[in-house]
Amino acid sequence: MSTTVDDLQAIADRVVAQAGAGEQIEAYVSRGGETAIRIYEGELEHFASAQSEGVGIRVIKDGRTGFAYAGTLDPAAIAEVLADARDNVTFGTPDEFAGLAIPDGVAQIPQKFWDEELAGYPTDQKIALTKELEKLTLGIDDRVRVDEANYDDGWGEVAVATTTGIRESGRGNSCYVSVSTLADDEEETQTGFGFSVGDSPKEFNLQKAAREASERATRLLGAIKPPSKRTTVILDPYVTSQFISILSSTLNGENVAKGRSFFAERMGDQVADPRFTLVDDPTNPLAYTATDIDGEGLAARRNVLIENGVLKKFVHSSYSARRMNTVSTGNATRGGFAGSPGVGCLAMQLVPGTQTQEELIASVDDGVLIQMVSGLHSGVNPVSGDFSTGASGMLISNGTIGAPVREFTIASTLQRMLLDIVAIGADVDWLPSRAHGMSLVIRDVTMSGT
Amino acid sequence: MSLRTDSPLIEPDVIARVLAKGRSTGAEFSEIYVEDKRSTSAGLDDGKVEQVTSGRDRGAGIRVIAGDTTGFAHTSDLSERGLLAAAEAAAAAAKQGDGGVHTIALQPVFRHPVNTIVQFPDTVAKARKVELLQRADIAARGVHGAIVQVSAGYGDSIKQILIANSDGIFSADEQVRTLMRVSVIANGDAGMQTGYNSLGHTIGFEIFDENDVEELAIRAAQQAITKLQARPAPSGAMQVVIKQGSGGVLFHEACGHGLEADLVGKGSSVYRGKMGELVASPLVTVIDDGTMAGEWGAIGVDDEGHASQKNTLIENGILTDYMWDYIRARKEGRKQSGNGRRQSYADLPMVRMTNTFVTNGSENPDDIIRATDHGVYIAKLGGGQVDTASGDFVFGMVEAYLIEKGEITEPLREGNLIGNGPQVLKDIDLMGNDFAMGGPGTCGKDGQGVPVGDGCPTLRVKSMTIGGTAA
């Protein structure tokens with residue numbers, strides 16, 4: 001990372017310096033803050049500001065791993081955390097592959113993570129722009145109410161050190177606005193949302209967030225429950241992002257090693273339509289989750305996972321890489337100081353196609369544009385591949401948008417859906433998510449309604 | 001070791017000064033929520049105990065309310081200086097007119113324990129916790145040669161909380177939770193299938209005296225093995241029979257969220273303006289009960305210091321009440337209902353469910369199946385999701401079977417079901433007499449997760465849409 005956060009690094013270094021013979025130690029120290037503003041009916045509903053800090057310590061000895069954390073940087077508490085982690089080591093099963101990351105010489109690609117303008121942005125202006133977002137949203141269509149308009153920002157500083165020679169620190173900040181809407185028509189109410197992200201509030205596109213929130217809600221007014229049938233779906237960019245994110249667990253090297261991925265024996269096979277190329281690239285500064293290091297402190301890097309539909313690579317942390325006799329792809333993930341590293345994709349991106357959403361819609365004789373899905377956590381199983389979600393959107397017939405539809409599901413399997421991809425849109429949207437989005441056309445999906 | 005005494009986390013005179021600081025900019029209400037949580041977790045995967053984790057989360061959240069504006073700040077610094085700084089930040093956000101000096105008179109500490117803890121988990125050796133995981137692994141793998149992977153998790157936590165506010169409320173609670181979960185993968189000719197089972201109660205390590213770890217694991221393994229033979233779930237509307245226990249998720253989604261007064265107050269619930277009306281089949285009585293000893297959503301006091309209580313929301317199909325927190329109850333000039341909850345000291349409280357369930361009807365569960373000519377029997381529900389404004393909701397079926405001519409026949413693959421809350425509640429046409437609570441759940445709302453329980457007897461919905469792929 002570009003900036004050194006000296007005091008956090010010093011804390012991490014002090015922990016690591018206490019390692020005994022045959023003991024590996026990793027200390028992850030972080031500090032952060034956030035602001036949350038909510039506006040309702042022109043007034044400030046809440047303003048929350050907060051700071052938090054903490055340390056997570058991993059100890060490995062004789063192939064056994066122990067971990068402990070505390071939400072404080074108080075020296076006595078840190079000593080207790082180290083003692084707890086050491087005690088926890090004794091209960092692990094020896095694992096020849098257990099261990100910390102070792103510096104691999106891959107260079108970090110510098111990016112900008114800290115925005116001075118955001119860091120100094122006045123609170124009253126944050127409140128004012130959130131009020132403006134609510135006002136803009138209300139001004140588009142008089143059937144629309146605003147449920148809440150939100151401004152959120154956060155900053156974080158982190159330092160990691162290990163006995164194996166990892167020593168990294170840095171800081172970053174980010175902000176976004178969001179608005180959720182209700183559209184009323186006699187007895188019926190439908191919902192919508194819109195948002196905008198930027199390095200600083202100056203980059204927000206409030207007009208776009210307002211328009212999308214208003215249109216998403218009003219488009220669904222009068223929606224009917226469609227008949228059940230097999231059909232072609234066009235996923236909106238926001239839905240595609242959610243679909244792509246699900247694939248992360250199937251490409252996760254640890255899941256592959258432990259027999260939890262249906263891709264386990266498929267390396268080199270045609271697993272998706274030839275139009276489908278999926279990369280994980282946290283070095284792309286356009287990605288919302290762009291980073292220069294992974295959760296173990298190794299350089300983040302670009303990995304091509306599926307190329308022209310052929311399975312090329314799984315993502316790895318140092319642990320999963322050792323288990324599979326390969327090298328880390330820089331894909332250790334970390335949920336802050338309270339968690340030890342896992343494995344996952346960091347910033348998933350599809351290579352875009354050439355057509356706009358309008359052109360894709362025009363190419364579909366009979367189908368449905370999916371605007372929203374629900375129940376991804378309850379109806380999608382990435383181990384078996386079963387895929388079933390609630391959905392709402394618009395029917396498409398003879399290349400034009402027709403009636404709005406809701407209260408139906410779309411279902412297939414992940415394995416089939418990848419092979420049934422018909423087209424990929426050019427309409428890339430860099431969403432606040434681990435995966436970007438664009439329109440995606442998939443045929444032979446079952447729509448269940450009446 | 002956790003505190004097992006009546007001594008508060010922060011001295012009352014410090015609390016009084018912090019609350020007074022909170023009102024120093026003219027706010028009419030200030031509140032402090034202090035949390036000290038110690039947790040232990042252990043995970044086994046791929047036959048190995050991968051890691052034992054110890055955690056400590058400690059801090060305070062200060063809330064200040066002036067008119068319709070809430071200011072909130074939290075800190076992990078529990079010194080008086082740290083708390084006063086947070087109170088000042090919260091007060092600055094909720095400024096209203098002149099400040100003035102306030103004296104806060106706190107009542108004696110109020111406790112309302114609903115759970116009895118026999119063996120506090122922090123008095124149990126970690127080796128005994130790890131051993132549970134190894135027993136689960138062996139038991140699950142012993143079910144069938146097709147079981148190819150097992151992961152098991154153990155977790156316990158002891159959370160001390162203290163809530164005080166400028167109205168004089170001064171409450172404390174000790175919340176103990178012990179949990180175990182097992183996930184299993186079976187591999188067959190048609191690919192892999194998963195099985196899952198969990199056990200969690202607001203009690204201590206005695207949970208394992210009353211529940212068998214081997215049986216928990218065997219049930220998860222059997223679920224995965226059964227699903228190896230599963231055919232694709234049907235697509236379209238049909239009769240649905242939902243088994244006792246986890247079926248309570250249906251009501252959590254179909255009406256629970258929609259009866260939260262914050263959503264009702266903003267007009268984003270399909271149940272707004274329906275008080276006193278028939279909103280469900282007369283067979284349906286829905287209760288939210290935070291006092292249900294041992295259940296996952298049981299709490300002594302809620303996170304605003306109010307005693308947990310049992311609230312009837314729908315009685316014989318008629319909407320009788322919503323669920324309330326401080327802000328919404330104050331606005332309506334009524335009492336709170338013990339439903340003001342938050343994920344941690346770093347979060348604002350809002351209206352949340354506790355243990356939500358439907359009471360018994362009169363039907364024998366076997367008769368409900370026999371009375372169903374063609375439908376789906378859902379033995380275990382997964383999670384769900386709802387759009388409270390339209391009422392449309394989904395929930396997942398993780399273990400389901402076809403019903404043909406009154407008999408349970410073939411197992412089905414996973415999928416979601418979709419329905420509209422008010423319609424589904426009216427379409428319940430048979431209610432069983434075998435009420436049970438389901439497993440431990442985590443309910444998500446506005447980015448915060450809180451532990452909840454759900455329950456119901458076996459029941460039938462005369463029509464719901466199954467989101468499968470089979471014609």
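Residues numbered from 1 in each chain as written. Chains lettered and ligands numbered in written order. Predicted model: local features only at pLDDT ≥ 70, side-chain atom pairs only at ≥ 80, totals over all residues.

> Could you give me a rundown of the overall build of chain B, with the residues and numbers involved?
Secondary structure summary: chain B contains 10 helices and 22 strands in total. A compact globule built from 471 residues should have a C-alpha radius of gyration of about 23 Å, and chain B, at 24 Å, falls within 12% of that. Across its three principal axes, chain B shows a C-alpha extent of roughly 75 × 55 × 35 Å. Relative to its 471 residues, chain B shows a buried fraction of 62%. A sequence separation of at least 24 residues applies to 76% of the contacts in chain B between residues at least 6 apart. (Helix = DSSP H or I, 4+ residues; strand = E, 2+ residues; numbered from the N terminus. Rg over C-alpha atoms; globule rule 2.2 N^0.38 Å. Buried ≥ 20, exposed ≤ 12 C-beta atoms within 10 Å, placed from the backbone. Contact = placed C-beta atoms within 7 Å.)

> I'd like a rundown of the overall build of chain A, residues and numbers included.
Assigned secondary structure in chain A consists of 11 helices and 18 strands. Taken over the C-alpha trace, chain A has a radius of gyration of 24 Å; the compact-globule value for 450 residues is 22 Å, and the two agree within 12%. Expressed as lengths along the three principal axes of its C-alpha atoms, the size of chain A is roughly 70 × 55 × 35 Å. Residue burial in chain A is summarised as follows: out of 450 residues, 55% are buried.

> Go over the sheet that holds strand β13 (residues 348-350) of chain A with me, naming the residues and quoting the values.
Residue and element names in this part refer to chain A. Taking strand neighbours across the sheet as the criterion, the four strands line up as β10-β9-β8-β13 in an open arrangement whose pairing is antiparallel. On the outer flanks of this sheet lie β10 (310-311) and β13, each paired with one strand and no other. As paired strands, strand β9 (residues 303-307) and β10 are joined by two bridges and run antiparallel to one another. Within β10, the residue paired with Glu307 across the bridge is Val310. (Pairing = 2+ DSSP bridges.)

> So what about the pairing of strand β6 (residues 191-201) of chain B? Which residues, and what values?
Note on strand geometry: in a regular strand, side chains alternate between the two faces of the sheet. Of all 11 residues in β6(B), eight are buried; the element is thus mostly enclosed. Counted between consecutive antiparallel strands, the loop separating strand β5 (residues 170-188) of chain B from β6(B) contains two residues.

> I'd like a description of the nonpolar core, backed by residues and values.
Soluble globular proteins: nonpolar side chains tend toward being buried together. Counting residues in hydrophobic clusters, the biggest one holds 228 residues, and the most contacted among them are Ala12(A), Ala27(A), Val55(A), Ile370(A), Ile62(B) and Ala90(B). Looking at this core, the element that brings in the most residues is strand β15 (residues 392-404) of chain B, giving nine residues. Each residue touching Val55(A), except ones within four places of it in the same chain, is listed here: Ile11(A), Ala27(A), Tyr28(A), Val29(A), Tyr69(A), Ala70(A), Leu73(A), Ile78(A), Val81(A) and Phe337(A). If you look at the next biggest cluster of nonpolar residues, it comprises 38 residues, including Val49(B), Val150(B), Val176(B) and Ile218(B). (Core = buried A, V, L, I, M, F, W, Y, C linked by C-beta atoms within 7 Å.)

> Please set out the environment of Ala332(A) residue by residue, giving values where relevant.
All names here are of chain A. One can find Ala332 in strand β11 (residues 332-333). For the pair Ala332 and Gly295, spaced 37 residues apart in the sequence, the C-alpha separation amounts to 4.7 Å. Look past the residues within four positions of Ala332 in its chain and what remains in contact with it is Ala101, Asp294, Gly295, Glu296, Ser317, Ser318, Pro341 and Val343.

> Outline the domain arrangement of chain A, supporting the account with residue identities and numerical values.
Residue and element names in this part refer to chain A. What the domain assignment reports for chain A is domain 1 (6-218) and domain 2 (223-450). For domain 1 versus domain 2, the distance between C-alpha centres works out to 23 Å. Each partner contributes to the interface: domain 1 provides 28 residues, whereas domain 2 provides 26 residues. Of all the secondary structure elements, the ones that give two or more residues to the side of domain 1 that touches domain 2 are β1 (23-40), β2 (43-61), β3 (64-70), β5 (167-185) and β6 (188-198). The dominant element in the side of domain 1 that touches domain 2, judged by the number of residues it contributes, is β2, at four residues. (Domains from an automatic or database assignment.)

> Tell me about the interface of chain B and chain A, and please be specific about residues and values.
Counting residues at the interface gives 66 residues for chain B and 62 residues for chain A. The element best represented in the side of chain B that touches chain A is strand β2 (residues 48-66) of chain B, accounting for 12 residues. Its residues assigned to classes, the side of chain B that touches chain A comprises 20 nonpolar, 32 polar and 14 charged. Taken together, the five bridges between β3(A) and β2(B) define a ladder with parallel strand orientation. Across the sheet, residue Phe67(A) finds its bridge partner in β2(B), namely Thr53(B). (Nonpolar A, V, L, I, M, F, W, Y, C, P; charged D, E, K, R; others polar.)

> Describe the packing of helix α4 (residues 123-138) of chain A against helix α5 (residues 206-219) of chain A, with residues and values.
All names here are of chain A. Interhelical geometry of α4 versus α5 gives an angle of 45° and a closest axis separation of 8 Å. Considering their axes alone, α4 and α5 lie oblique with respect to each other. Handedness of the α4/α5 crossing: right-handed. Where α4 approaches α5, its residues Leu129, Glu132, Leu133, Leu136 and Thr137 are matched on the opposing element by Leu206, Gln207, Ala209, Ala210, Ala213 and Ser214. Across the contact of α4 with α5, the residue classes tally to seven nonpolar, three polar and one charged. (Axes fitted to C-alpha atoms, helices over the stretch in contact; angles between N-to-C directions. Parallel < 35°, antiparallel > 145°, perpendicular 65-115°, else oblique. Left-handed = near helix turned anticlockwise from the far one by under 90°.)

> Kindly report on the environment of Val176(B), identifying the contributing residues and their values.
Residue and element names in this part refer to chain B. Its location among the elements puts Val176 in strand β5. Linking Val176 and His201, residues 25 residues apart in sequence, is a C-alpha distance of 8.5 Å. Not counting chain neighbours up to four residues away, the residues in contact with Val176 comprise Asn115, Ile117, Phe120, Pro121, Ile158, Thr202, Ile203 and Gly204.

> How would you explain the confidence of the model for chain B if you had to name every residue and give the values?
All names here are of chain B. Confidence along chain B averages 94 in pLDDT terms, with 97% of residues attaining 70 or more. With pLDDT under 50 throughout, residues 1-5 is counted as low confidence; its partners more than four residues away or in other chains account for seven contacts. Interface predicted TM-score (ipTM) for the complex: 0.92; the corresponding pTM is 0.94. (pLDDT = per-residue confidence, 0-100.)

> Would you mind going over the domain arrangement of chain B in detail, with residue names and values included?
All names here are of chain B. Each assigned domain of chain B is listed with its residue range as follows: domain 1 (12-228) and domain 2 (235-467). Distance from the C-alpha centre of domain 1 to the C-alpha centre of domain 2: 23 Å. The set of elements that each furnish at least two residues to the side of domain 1 that touches domain 2 consists of β1 (29-45), β2, β3 (69-75), β4 (147-165), β5, β6 and α5 (213-228). Residues that form the side of domain 1 that touches domain 2 fall into these classes: 12 nonpolar, 15 polar and seven charged.

> Before we move on, could you go through the pairing of strand β13 (residues 355-358) of chain B and cite the residues and values that matter?
All names here are of chain B. The alternating pattern of β13 places Asn355 and Phe357 on one face and Thr356 and Val358 on the opposite face, and all of these are buried. Sheet analysis places strand β8 (residues 286-289) next to β13, joined by three bridges and oriented antiparallel. Each residue of the ladder has a partner; that of Val286, found in β13, is Val358.

> For α5(B), give the residues involved together with the corresponding values.
With 16 residues, α5(B) should cover 22 Å at 1.5 Å per step; its first-to-last C-alpha distance of 24 Å lies within 8% of that length. Those residues of α5(B) that sit buried are Val213(B), Leu216(B), Ala217(B), Ile218(B), Arg219(B), Ala220(B), Ala221(B), Gln223(B), Ala224(B), Ile225(B) and Lys227(B). (Expected span 1.5 Å × (residues − 1).)

> Quick rundown of helix α6 (residues 237-246) of chain A? Include the residues and the values.
All buried positions along α6(A) are accounted for by Val239(A), Thr240(A), Ser241(A), Gln242(A), Phe243(A) and Ile244(A). Where α6(A) is buried, its residues contact β7 (229-235), β13, β14 (366-374), α10 (376-379) and β18 (440-448) of chain A.

> How would you summarise the packing of helix α3 (residues 126-141) of chain B against α5(B) if you had to cite specific residues and measurements?
All names here are of chain B. Between α3 and α5, the shortest axis-to-axis distance is 8 Å and the interhelical angle comes to 40°. Taken as axis vectors, α3 and α5 run oblique relative to one another. Here the hand of the crossing between α3 and α5 comes out right-handed. On α5, the residues that touch Leu132, Arg135, Ala136, Ala139 and Ala140 of α3 are Val213, Glu214, Leu216, Ala217, Ile218, Ala220 and Ala221.

> Help me get a handle on the environment of Pro282(A), residues and values and all.
Residue and element names in this part refer to chain A. With respect to the helices and strands, the residue Pro282 is situated in the loop between β8 (278-280) and β9. Judged by the 27 C-beta atoms lying within 10 Å of it, Pro282 is buried. Sequence-wise, Pro282 and Ala347 are 65 residues apart; in three dimensions their C-alpha atoms are separated by 4.9 Å. The residues contacting Pro282, other than those within four sequence positions of it, are Ala287, Thr289, Ala290, Thr291, Ala300, Leu346 and Ala347.

> Mind laying out unusual backbone geometry, listing which residues take part and the relevant values?
All names here are of chain A. One non-glycine residue, Asn308, lies in positive phi territory at about 50°. Even without glycine at this site, Glu407 takes up a positive phi of about 55°. Relative to the assigned elements, Glu407 resides in strand β16 (residues 400-413).

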